[in-house]
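Residue-level structural notes
If you want the building blocks of each chain, they are given just below.
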Amino acid sequence: MQDLKYVKIDRQVCQWLREAREIVLSELNSQLTVETKSGRKDLVTNVDKQVEQFLTNKIKTQYPKSHILGEEGFGDKVDENTDGIIWIVDPIDGTMNFVKQRNNFAIMIGVYKDQEPILGYIMNVVTGELLHGGPLTGIKLNQAEISNIENQGLSEGLIGLSGPLLVHNEYNMQTIGDSALGMRIYGSAGLEIMAVIKGELVGYISYLRPWDFGAGKILAECCGLSFTMVDGQPLNMLSSGVVLIATKRAHSDILTIVSQ
């Protein structure tokens, strides 16, 4: 049964994301201010910061007692002892794609209460596709209910993989890729997780931080997918490491290969 309180929040956040999308689209062909963070492949732009500030202001205005964990640091200090409502915000997921392609990037929000999943959002900014909802509202792609995801094995579908993991063959990644029908690298965790939920991929493996998977974990688990560390260990909303999302059969297939 739907919880009407969270249905209302869901509608509100969807509207914020549509507004955030317009901010990004208005800057899509402009000269960006690009900075590096941990290295030359870890980028942040003026638009990342602008979108995170926009969403942070919306959240703080409507839900002032909430805590916010934002990738670009405009939120609060959040740790394993933080309780209440926690919003995890990734203003531009796939910043390298945004800078170099002006395509293939997402905005993501995950909402947790006492570190339990409540609502998740992944928006493909260019196409406008919005995957949203949670255990108390159901999951929708735009306004269409998500149907059951076919439980295919690894050999029956495409697998999304991290480029660095594949190149260095960490966790037998090349064998995993070879065992699938093919490999895909999108460069955006949000879009790859969305692709698994839509049935376009049977799984996705990459090194992820909380803002990379905070939304996707909620959405994927609501759809019956497995979402763990690459060795099968559970992860919480503040984990960082190599993460595996897959159909249950593909998840089992991949764990077998990882353990070899």
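Here's a quick rundown of the structure.

Conventions adopted
Residues numbered from 1 in each chain as written. Predicted model: local features only at pLDDT ≥ 70, side-chain atom pairs only at ≥ 80, totals over all residues. Heavy atoms only, no water. Helix = DSSP H or I, 4+ residues; strand = E, 2+ residues; numbered from the N terminus. Rg over C-alpha atoms; globule rule 2.2 N^0.38 Å. Buried < 20%, exposed > 50% of the residue type's maximum accessible area, 1.4 Å probe, protein only. Contact = heavy atoms within 4.5 Å. Areas by Shrake-Rupley, 256 points an atom, 1.4 Å probe, with all protein chains shown as cover. Lys, Arg positive; Asp, Glu negative; His and termini not counted. Charge placed at Lys NZ, Arg CZ, Asp CG, Glu CD. Core = buried A, V, L, I, M, F, W, Y, C linked by side-chain atoms within 4.5 Å. Phe/Tyr/Trp six-rings, centres within 6.5 Å; stacked < 30°, edge-to-face > 60°. Pairing = 2+ DSSP bridges. Axes fitted to C-alpha atoms, helices over the stretch in contact; angles between N-to-C directions. Salt bridge = Lys/Arg side-chain N within 4 Å of Asp/Glu carboxyl O.

**Notes on the overall build of the protein chain**
Per the secondary structure count, the protein chain includes eight helices and 14 strands. Relative to a compact globule of 260 residues, whose C-alpha radius of gyration would be 18 Å, the protein chain shows 17 Å and is just as compact. For the C-alpha atoms alone, the extent of the protein chain along its principal axes is close to 50 × 45 × 35 Å. Across the 260 residues of the protein chain, 53% fall into the buried class. A separation of at least 24 residues holds for 58% of the contacts in the protein chain among residues at least 6 apart in sequence. Accessible area for the protein chain stands at about 11800 Å²; split by element, carbon and sulfur atoms hold 46% of it. Measuring between centres, the 23 positive side-chain charges of the protein chain sit 4 Å from its 31 negative side-chain charges.

**What to know about the nonpolar core**
Counting 33 residues, the largest nonpolar core has V24, L55, W87, I109 and Y121 as the members making the most contacts within it. Counting residues per element, the ones that place at least two in this core are α1 (4-27), α2 (46-62), β4 (85-93), α3 (95-100), β5 (106-113) and β6 (116-124). Once residues within four sequence positions are removed from consideration, I109 is found in contact with V13, L17, L55, W87, I88, V89, L119, G120, Y121 and A215. One finds I122, V196, A220 and L225 within the second-largest nonpolar core, a separate group that totals 28 residues.

**Comments concerning the packing of aromatic side chains**
Aromatic ring pairs are defined here through the distance separating the ring centres and the angle between the ring planes. One pass over the structure, following the stated rule, counts five aromatic pairs. Ring geometry for W16 against W87: centres 6.0 Å apart, planes inclined by 35 degrees, an arrangement best described as tilted. A residue pair is termed long-range when its members are at least 10 positions apart, and W16 in helix α1 and W87 in strand β4 qualify at 71 residues. Accessibility assignment for this pair places W16 and W87 in one class, buried. Taken together, the aromatic side chains of W16, Y63 and W87 make up a single cluster linked through ring pairs.

**Side note on the sheet that holds strand β3 (residues 67-70)**
Strands belonging to one sheet form pairs held by backbone hydrogen bonds; the direction of such a pair is parallel or antiparallel. Spatially, β3-β4-β5-β6-β7-β8-β9 is the arrangement adopted by the seven strands of the open sheet, whose pairing is mixed. Looking along the sheet, the strands with just one partner apiece sit at the ends: β3 and β9 (144-145). Lying over the sheet, α2 contacts β3, β4 and β5, oriented at roughly 155 degrees with respect to β4. The sheet strands contacting helix α6 (residues 189-197) are β4, β5, β6 and β7 (130-134), and the helix crosses β6 at an angle near 105 degrees.

**Observations regarding the pattern of salt bridges**
All told, the structure shown has nine salt bridges when counted by the stated rule. K58 is paired through a salt bridge with E19; the nearest N and O atoms lie 3.5 Å apart. Of the two residues, K58 is situated in helix α2 and E19 in helix α1; the sequence distance between them amounts to 39 residues. Each of K37, E71 and E72 takes part in a single network of salt bridges with overlapping partners.

**With respect to unusual backbone geometry**
With phi around 55 degrees, R102 is a residue other than glycine that occupies positive phi space. Within the secondary structure layout, R102 lies in the loop between α3 and β5. R102 gets classed as partly exposed once you look at its relative accessible area, which sits at 26%. Of note, Q115 is a non-glycine position whose phi angle comes to about 65 degrees, a positive value. By secondary structure assignment, the location of Q115 is in the loop between β5 and β6.

**Description of the pairing of β7**
Summarising burial for β7: five of the five residues are buried, a large majority. Where burial is concerned, the two faces of β7 agree: the one with L130, H132 and G134 and the one with L131 and G133 are both buried. In the sheet, β6 pairs with β7 via four bridges, with the strands oriented antiparallel. Residue pairing across strands places I122 opposite L131, the latter belonging to β7. Between β6 and β7, which pair antiparallel in sequence order, lie five residues; one of them, G128, sits at a positive phi of approximately 85 degrees. Two strands pair when backbone bridges link them, and β7 and strand β8 (residues 138-141) are joined in this way by four bridges, in the antiparallel orientation. Note that in β8 the partner of G134 across the bridge is G138. The hairpin turn running from β7 into β8, its antiparallel successor, is three residues long.

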